[in-house]
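# Summary of the model geometry
The lines below spell out each chain.
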Amino acid sequence: MFHYLGHERLQMAFFSPNICGAFLTILVLIICGIFLYFSKSEKHSLKIFSYCLLSVIICLFIGIGMTYSRGSYVACLFALISGHILVRSIKSVVFIFIFLAIILSVPDGGQRVVSTVHFREGSICNRFYLWRGGCAAIAENWTTGVGPAPAPGQYYCSHYRPAWIKAEYLTFVNDPLTIGASYGIFALFLWLLLTGIPLHAGFIVFRHTANPLLAYLLCSASSYLIAGLFSTLFRFFDLIWLFILATTLILWFVLYDIKKSPGEWHCNISWLFVPASAGVICLAILVIGNLVCFNIL
């Protein structure tokens, strides 16, 4: 169903190549963490197992490349770079170079990457107008929202879609904007808390343990949130269960650390980071939305 310059985009059994790309990105980052964890083992059998995983990682990178999903490209690259910053190993650098080499080797993959920064390109330009309308929809219906999909897309098409754009939309092709427009700003704030707190707690544990598996679980969960800025992912259970799995594993590490070192988990000002960040994001959306409503932006 989906093509790019005549090349069929990998979709598998998912709704679209973008959903497929997000799934493969979350999965490959979890496997990268397993690879790094077992490659440090002194047991010969575990080391052999870890290097068998390398071929799986390469295949998944190829799959991401064949989706031609720009959101997945950005999410995976950002997560791989973040993973290297956390673990600082030669192997984590190799992951980045392998991924870039595969993306640029896919037919017209380089052109797809370059198109990410072509802001005048049709689909990207339309996306900015769509997100602009999403902020306005949230500002006008900030308490209750306009209802679940396809209501957000219909609201945009009726009120904020420029006349020269003919595309039809069901959502705002963005998880935060779609959640805020569908269910209100308080639902968006809650969603930001539920996704942000496990990542913050997991990062605190990583600073104690320097566990590479935990590092890439954090990157895996983060890649879902990044990809969700360019697609509507939360509506698809065949994708979100993998994000829930990564988050559950992160929380297991957190609970184990709390049990092991309860004295280090006293309340401090750092725990205000996630609520404060969520509040700033929601406030920024409302401000931008009101500027759009008054034709200032």
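Residues numbered from 1 in each chain as written. Predicted model: local features only at pLDDT ≥ 70, side-chain atom pairs only at ≥ 80, totals over all residues. Heavy atoms only, no water.

Below, the discussion takes up the overall build of the chain. Secondary structure summary: the chain contains twelve helices and two strands in total. Reading the chain from its N end, one meets helices and strands in the order β-β-α-α-α-α-α-α-α-α-α-α-α-α. In summary, the chain has a C-alpha radius of gyration of 20 Å against a globular reference of 19 Å for 297 residues, a match within 12%. For the chain, the spread of C-alpha atoms along the three principal axes comes to 65 × 55 × 30 Å. The burial tally for the chain puts 49% of its 297 residues in the buried class. (Helix = DSSP H or I, 4+ residues; strand = E, 2+ residues; numbered from the N terminus. Rg over C-alpha atoms; globule rule 2.2 N^0.38 Å. Buried < 20%, exposed > 50% of the residue type's maximum accessible area, 1.4 Å probe, protein only.)

What follows is about the packing of aromatic side chains. Tallied over the full model, the rule gives 19 aromatic pairs. Where Phe 35 meets Tyr 51, the ring centres are 5.4 Å apart and the plane angle is 85 degrees; that geometry is what we call edge-to-face. Placement of Phe 35 in helix 1 (residues 17-39) and of Tyr 51 in helix 2 (residues 44-67) is noted, with a sequence separation of 16 residues between them. Summarising the aromatic geometry, the rings of Phe 35 and Phe 95 are spaced 5.6 Å apart at their centres and angled 65 degrees between planes, so their arrangement reads as edge-to-face. (Phe/Tyr/Trp six-rings, centres within 6.5 Å; stacked < 30°, edge-to-face > 60°.)

Relative to the assigned elements, Leu 286 resides in helix 12 (residues 273-293). Sequence separation of Leu 286 and Ser 105 is 181 residues, and the distance between their C-alpha atoms is 42 Å. Residues within four places of Leu 286 in sequence aside, it is in contact with Ile 138, Ala 139, Trp 142 and Ile 185. (Contact = heavy atoms within 4.5 Å.)

A few words on the pattern of salt bridges. The tally for this structure, following the rule as stated, stands at one salt bridge. Salt-bridge contacts for Arg 161 lead to Glu 168; the nearest nitrogen and oxygen are separated by 3.2 Å. Judged by relative accessible area, which is 24%, Arg 161 ranks as partly exposed. (Salt bridge = Lys/Arg side-chain N within 4 Å of Asp/Glu carboxyl O.)

Residues three or four positions apart in an α-helix share a direction because the helix packs 3.6 residues into each turn. For helix 10 (residues 212-227), built from 16 residues, the straight-helix expectation of 22 Å at 1.5 Å per residue is met to within 8% by its first-to-last C-alpha distance of 22 Å. Burial runs high along helix 10: 15 of the 16 residues are buried. (Expected span 1.5 Å × (residues − 1).)

Here we take up the nonpolar core. Grouped together as the largest cluster of nonpolar side chains are 87 residues, with contacts concentrated most on Val 28, Phe 61, Leu 80 and Leu 239. Considering every element that reaches this core, the biggest residue donor is helix 1, with 13 residues. Setting aside its immediate chain neighbours within four residues, Leu 239 contacts Ile 19, Ala 22, Phe 23, Ile 26, Tyr 224 and Leu 233. (Core = buried A, V, L, I, M, F, W, Y, C linked by side-chain atoms within 4.5 Å.)

Looking now at a nonpolar patch on the surface. Judged by side-chain polarity, Leu 283, Val 287, Ile 288, Leu 291, Phe 294, Ile 296 and Leu 297 come together as a nonpolar surface patch covering roughly 680 Å² of accessible area. Considering the arrangement of structural elements, one finds Leu 291 in helix 12. (Patch = residues over 30% accessible without salt bridge, like charges linked within 9 Å, V, L, I, M, F, W, Y side chains within 5 Å. Areas by Shrake-Rupley, 256 points an atom, 1.4 Å probe, with all protein chains shown as cover.)

No statement about biological role is implied by the geometric values presented.
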